[in-house]
Amino acid sequence: MSSSPGGYLDIISRAIGKELQERWRQPVIVENKPGASGVVGAVAVKNSQPDGYTWLAATEAHLVTNKFTMKNLPYDYKRDFVGISVLTRADQVVVATKSFPANTLAELIEMAKQDPKGLSYGSWGIGSHPHLFYSRLGGMTNANFVMIPYKGVAPTMQAMSAGEVPLSVMSPGTAKPLLEAGRLKILAAAARKRLPDLPDVPTTEELGFPGLTSAIYMVLLLPRETPPDVVAKASKAVQSVLKQPDFAARTVTDHGFQVVASDSAGVITEMDELGKLMAESVKAAQIMAQ
């Protein structure tokens, strides 16, 4: 796995592993290999035997964002891996502090246009969801936004709670504690369709910004040369687990994610589409691969 213990990728990977262990009556071991923005774990799986016994759990950041932010990335999701399934997706929402004057995306844009210094937003670094979203929104509207970097999502939330920064982008599940405490409000969903848990929140798509979306994806993959029948067996099993209503509620929707449960081909299709949108966002953000 390309992440540290305790995050959502770790949680869902272990939950799926437990279900598969019970079904297959074989041990399933989840090993965390964080480092270099997911590169360590991805390379370890890329170089493993393509026998179906070593899987990669990754996010869209590991598979797509890294292609734009890192020079000489030692793997490529199409060249070196074959998909098992896109597990889940968490569409992001545009959030503001409760006292922020704007209550809609249109009002936010108008404020940003009128502020010569630009409106500040909290982010957890170059290439993060807030950075890419506000860079592209600014490019599409000639509005001014300024990134205030923090060391992660939690520090960003703390900064918003304390009133240090008025804006950000995050998943509804992440924002939930501050929303329930009355310290944040949602201006829009950065999504193509309205979110099931937020049916009254308009999307960027319907507000006139096609392609201005932001979402976190959780994905499972295998080494590229894994036999097709092995890939198919793994994909079918994972999809079956995800589509169990009790599993979905306990492990997915309760964490603010939505079940995707794609087939193997759906992994490449989804990441390719995301790559097109990412290219536009990276250009707007003027990100240079390091």
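A short tour of the structure in this document, coming up.

Conventions we followed
Residues numbered from 1 in each chain as written. Predicted model: local features only at pLDDT ≥ 70, side-chain atom pairs only at ≥ 80, totals over all residues. Heavy atoms only, no water. Helix = DSSP H or I, 4+ residues; strand = E, 2+ residues; numbered from the N terminus. Rg over C-alpha atoms; globule rule 2.2 N^0.38 Å. Buried < 20%, exposed > 50% of the residue type's maximum accessible area, 1.4 Å probe, protein only. Contact = heavy atoms within 4.5 Å. Areas by Shrake-Rupley, 256 points an atom, 1.4 Å probe, with all protein chains shown as cover. Axes fitted to C-alpha atoms, helices over the stretch in contact; angles between N-to-C directions. Parallel < 35°, antiparallel > 145°, perpendicular 65-115°, else oblique. Left-handed = near helix turned anticlockwise from the far one by under 90°. Nonpolar A, V, L, I, M, F, W, Y, C, P; charged D, E, K, R; others polar. Core = buried A, V, L, I, M, F, W, Y, C linked by side-chain atoms within 4.5 Å. Salt bridge = Lys/Arg side-chain N within 4 Å of Asp/Glu carboxyl O. Pairing = 2+ DSSP bridges. Phe/Tyr/Trp six-rings, centres within 6.5 Å; stacked < 30°, edge-to-face > 60°.

Overview of the overall build of the chain
When its secondary structure is counted, the chain shows 10 helices and eight strands. In terms of overall dimensions, the chain is globule-like: its C-alpha atoms have a radius of gyration of 19 Å, near the 19 Å expected for 290 residues. For the chain, the proportion of its 290 residues judged to be buried stands at 52%. Of all intrachain contacts in the chain linking residues separated by at least 6 positions in sequence, the fraction that spans at least 24 positions is 77%. A total accessible area of about 13700 Å² is found for the chain, and carbon and sulfur atoms account for 52% of it.

Describing the packing of helix α3 (residues 60-69) against helix α10 (residues 264-285)
Two elements in contact, α3 and α10, have axes whose closest approach is 10 Å; the angle formed by their N-to-C orientations is 40°. Classified by the angle between their axes, α3 and α10 sit oblique to one another. Note that α3 runs across α10; the crossing there is right-handed. Residue-level inspection shows Glu60, Leu63, Val64, Thr65 and Phe68 of α3 in contact with α10, the latter providing Met271, Leu274, Gly275, Met278, Ala279 and Val282. Classifying every residue of the contact of α3 with α10 gives eight nonpolar, two polar and one charged.

Section: the nonpolar core
In this structure, Leu63, Val219, Leu221 and Met271 are the most contacted members of the largest nonpolar core, which totals 25 residues. Those elements that place two or more of their residues in this core are α2 (39-46), β1 (56-59), α3, β2 (81-97), β7 (215-223) and α10. The leading source of residues in this core is α10, at seven residues. Residues contacting valine 219, with those up to four places away along its chain left out, are Leu56, Ala57, Ala58, Leu63, Ser85, Val86, Leu87, Val267 and Met271. Residues Tyr8, Ile12, Leu87 and Leu220 belong to the second largest nonpolar core, which totals 24 residues.

Description of unusual backbone geometry
The phi torsion at asparagine 142 lies on the positive side, around 60°, for a residue other than glycine. Of note, asparagine 142 is situated in the loop between α5 (129-141) and β4 (145-149). On the basis of relative accessible area, asparagine 142 is assigned to the exposed category, the value being 66%. One non-glycine residue with positive phi stands out, namely alanine 261, at about 55°.

Examining the pattern of salt bridges
A side chain with one charge can pair with a side chain of the opposite charge if their charged atoms come near. Counted according to the given criterion, the structure contains 11 salt bridges. The salt bridge involving glutamate 19 is made with arginine 250; its shortest N-O contact spans 3.9 Å. Taken together, the residues glutamate 19 in helix α1 (residues 8-24) and arginine 250 in helix α9 (residues 245-251) connect sequence positions 231 residues apart. Arginine 79 is the salt-bridge partner of aspartate 80, the closest N and O atoms lying 2.7 Å from each other.

Side note on the pairing of β7
By the criterion of burial, β7 is predominantly enclosed, with eight of the nine residues buried. The pairing of β1 with β7 spans four bridges and is antiparallel. Paired with alanine 58 across the bridge in β7 is valine 219. Direction of pairing for β2 relative to β7: antiparallel, over a ladder of nine bridges.

Describing the packing of α5 against α10
Where α5 meets α10, the axes come as close as 8 Å, and the angle between the chain directions of the two elements is 75°. As summarised for this structure, α5 and α10 are arranged roughly perpendicular, according to the angle between their axes. Contacts between α5 and α10 involve His131, Leu132, Ser135 and Arg136 from the former and Leu277, Met278, Glu280, Ser281, Val282, Ala284 and Ala285 from the latter. Within the contact of α5 with α10, the residues separate by chemical class into six nonpolar, three polar and two charged.

A short note on the packing of aromatic side chains
All chains considered together, the criterion is met by six aromatic pairs. Ring plane angle 75° and centroid distance 6.2 Å describe the contact between tyrosine 75 and phenylalanine 81, whose orientation is recorded as edge-to-face. Overall, the relative accessible area of 2% leaves tyrosine 75 in the buried class. The exposure class assigned to phenylalanine 81 is buried, which follows from its relative accessible area of 0%. Aromatic side chains phenylalanine 133 and tyrosine 134 sit 5.2 Å apart centroid to centroid with 90° between the ring planes, which places their arrangement in the edge-to-face category. Phenylalanine 133 sits in the buried class, given a relative accessible area of 3%.

Points about the environment of isoleucine 126
Within the fold, isoleucine 126 resides in the loop between β3 (119-123) and α5. Measuring from C-alpha to C-alpha, the distance between isoleucine 126 and proline 149 comes to 8.3 Å, with 23 residues separating the pair along the chain.

Treat this as a map of the structure, not an account of what it does.
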